[in-house]
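# Survey of secondary and tertiary structure
What follows is each chain in one-letter form.
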Amino acid sequence: MTESVHREKTHVLPLDSIRGIAATSVVIHHLLLMPTFLAAFPHNAWINCSFFRSAWLLVDLFFVLSGIVMSLSYVESDFGRFSLREFMVRRLARVYPLHIVMLLANLLFRLLRISLVMAGVVVAAPAAFEVNNAYSFVLNVLLLHSMGFIDYLSWNAPSWSISVEFYTYLVFGLIVLLAQRMRSLLWFYVLCGALAVGSLVFIIFVLDKRSLGLQTDFGILRCFVSFFLGVLTVRIVDRLPAKPGPAVQGMLQFVAMIASIVLVSLAETNPAATFLAPVTFAVFLGSLLAFPDALLVPRMLVAKPLVWLGRRSYSIYMVHALVVLLAEYFVRAVGAGRIAALDSVWAGLPATLNLVVSLAAVLVVSHFTYRYVEIPGGKWMRNALGSRTDFSASPAPSARPTN
């Protein structure tokens, strides 16, 4: 039996940076559209625009990117040596430590809130847990909270996507195993394509959805569409004919980037356009993979601040909901009078200050969770679950990232 060994992969910095930009955009989206902020501020923040108001769609970019990374890491380089157990241990170690820490942080906050309400320090109704109850907490612990057992977002709401993506990893691993048994990469890509297309058809024609905005309601199908399209993107890029010159490469990447931005911006007024998002994102990310030496976009995306964001993107995404919740309480404490006075100085100033300060807080907290939860937590979990620490010595191509 062939020994299962996974090569250590290097990062594609532009793809990392894209992940960071997307995570930051999702944070801005929530800071713009939280009902508390909409009610409290007389005018919107200065960067309020259709792109950020529809940035929820960038979750599908995460899914496409994950499919690309998983294919590069576990199919293109390691097909025939894949270990499902090793793969799932590494996936769990990647997502679970921060997920459980943020779940516990939300639990502590809710308990504190109830204590303050019961003590009469804070007035809130109802005082008890609503959707954040014991049942939903257990589902969150098991990463089952967006798998159809409840039909609402609970606790750390953004983690719904972690729930569906984790079980998409399992499906991906089972397909790799099946194709490995059949000794056929062709069957692997056929099955991935069937899952992507079949899920999209089911969403549109069976569920009769008007947009791709599924979460607890069959959100895993949404993940299937984008994730497995990302897997196929790697194959398509690998089969591209001779590359054009750097100028043409740069133009193609720039057009694909603008198309992605425009599509997200259109989602607000044209919900059906969201069904094109996975393909548009796949074309853009595929162009970055295919043309790493193009003139413009890759050079922009390797800027140090963007790389910094990219490495902390998972933390940014996972911690921001609690920070935004704390910002809501702070805005309520400031009061309508002070906010109105500040807004009279410059329309939109209070909303903009709230956005800037809250976003800065998210970045600060995410830096610490990245360093003290993500990295050590992942290492501890891999060791605890008996993950292999040895890798093959052969170097991985520079276009193969780690996730």
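Values in this document were obtained by computation on a predicted structure and should not be read as measured data.

## Quick look at the overall build of the protein
- In terms of helices and strands, the protein carries 16 helices and zero strands.
- When each of the 403 residues of the protein is scored for burial, the buried share is 51%.
- Considering only contacts in the protein between residues 6 or more positions apart, those separated by 24 or more positions represent 80%.
- A total accessible area of about 18,300 Å² is found for the protein, and carbon and sulfur atoms account for 70% of it.

## With respect to helix α6 (residues 134-141)
- For α6, the full list of buried residues reads S136, F137, L139 and N140. Taken around the axis of α6, the buried residues stretch over an arc of 160°, which confines them to a single face.
- N-cap assignment for α6: the residue whose side-chain oxygen lies 3.3 Å from the backbone N of Y135 is N133.
- Where α6 ends, the next residue or the one after it, L143, has phi of about 60°, a positive value.

## Some words on unusual backbone geometry
- The phi angle at R183 is positive, at roughly 55°, despite the residue not being glycine.
- Considering the arrangement of structural elements, one finds R183 in the loop between α7 (160-182) and α8 (185-206).
- Judged by its relative accessible area of 78%, R183 falls in the exposed class.

## A closer look at the packing of aromatic side chains
- Evaluated as defined, the whole model comprises 21 aromatic pairs.
- Three or more aromatic residues joined by ring pairs make a cluster, and in this case those are Y74, F82, F87, Y169, F172, F188, Y189, F224, F227 and F228.
- Over the face of the ring belonging to Y329 we find R332, whose NZ or CZ atom lies 5.2 Å from the ring centre.

## Things to note about the packing of helix α1 (residues 13-33) against helix α16 (residues 349-384)
- It is at 10 Å that the axes of α1 and α16 come closest, and there the two elements cross at 140°. Considering their axes alone, α1 and α16 lie oblique with respect to each other. Handedness of the crossing formed by α1 with α16: right-handed. Where α1 abuts α16, its residues T24, V27, I28, L31 and L32 lie against N354, L355, S358, L359 and V362.
- Along the lines of polarity and charge, the residues of the contact of α1 with α16 split into seven nonpolar, three polar and no charged.

## Things to note about empty space enclosed by the protein
- All told, the structure shown has three cavities of 30 Å³ or more when counted by the stated rule.
- Considering only enclosed or pocket space, the largest cavity measures out at about 290 Å³ in volume.
- Together, 17 residues line the largest cavity, and R19, S66, I162, E165 and Y314 are the ones closest to its centre.
- Elements with a minimum of two residues in the lining of the largest cavity: α4 (59-76), α5 (84-118), α7 and α14 (313-334).
- The class makeup of the residues in the lining of the largest cavity is ten nonpolar, four polar and three charged.

## What about a nonpolar patch on the surface?
- Together, F254, I258, I261, V262, L266, L295, L296 and M300 line one region of the surface with nonpolar side chains, adding up to about 620 Å² of accessible area.
- In terms of residues, the nonpolar patch owes the most to one element, helix α10 (residues 246-266), which gives five residues.
- Tracing the sequence through the fold places I258 in helix α10.

## Thoughts on the pattern of salt bridges
- One pass over the full model with this rule turns up eight salt bridges.
- Notably, a salt bridge pairs R19 with D16, separated by 3.0 Å at the nearest N-O pair. Pair noted here: R19 and D16 are both in helix α1, with a separation of three residues, about one helical turn. Summarising the burial analysis for this pair, R19 and D16 share the class buried.
- Note that D60 is salt-bridged to R222, the shortest N-O span being 2.8 Å. A residue pair is termed long-range when its members are at least 10 positions apart, and D60 in helix α4 and R222 in helix α9 (residues 219-238) qualify at 162 residues. For the pair shown, D60 and R222 are each scored as buried.

Thresholds, definitions, all that
Residues numbered from 1 in each chain as written. Predicted model: local features only at pLDDT ≥ 70, side-chain atom pairs only at ≥ 80, totals over all residues. Heavy atoms only, no water. Helix = DSSP H or I, 4+ residues; strand = E, 2+ residues; numbered from the N terminus. Buried < 20%, exposed > 50% of the residue type's maximum accessible area, 1.4 Å probe, protein only. Contact = heavy atoms within 4.5 Å. Areas by Shrake-Rupley, 256 points an atom, 1.4 Å probe, with all protein chains shown as cover. Arc of directions from axis to C-beta. Polar contact = N/O pair within 3.5 Å; in protein donor to acceptor, adjacent residues only side chain to side chain. Phe/Tyr/Trp six-rings, centres within 6.5 Å; stacked < 30°, edge-to-face > 60°. Lys NZ or Arg CZ within 6 Å of the ring centre and 35° of its normal. Axes fitted to C-alpha atoms, helices over the stretch in contact; angles between N-to-C directions. Parallel < 35°, antiparallel > 145°, perpendicular 65-115°, else oblique. Left-handed = near helix turned anticlockwise from the far one by under 90°. Nonpolar A, V, L, I, M, F, W, Y, C, P; charged D, E, K, R; others polar. 1 Å grid on protein atoms, 1.4 Å probe; cavity = no way out; pocket = protein on both sides within 12 Å on 5 of 7 lines; lining within 4 Å. Points joined across faces, edges and corners; volume = space filled by probe spheres on them. Patch = residues over 30% accessible without salt bridge, like charges linked within 9 Å, V, L, I, M, F, W, Y side chains within 5 Å. Salt bridge = Lys/Arg side-chain N within 4 Å of Asp/Glu carboxyl O.

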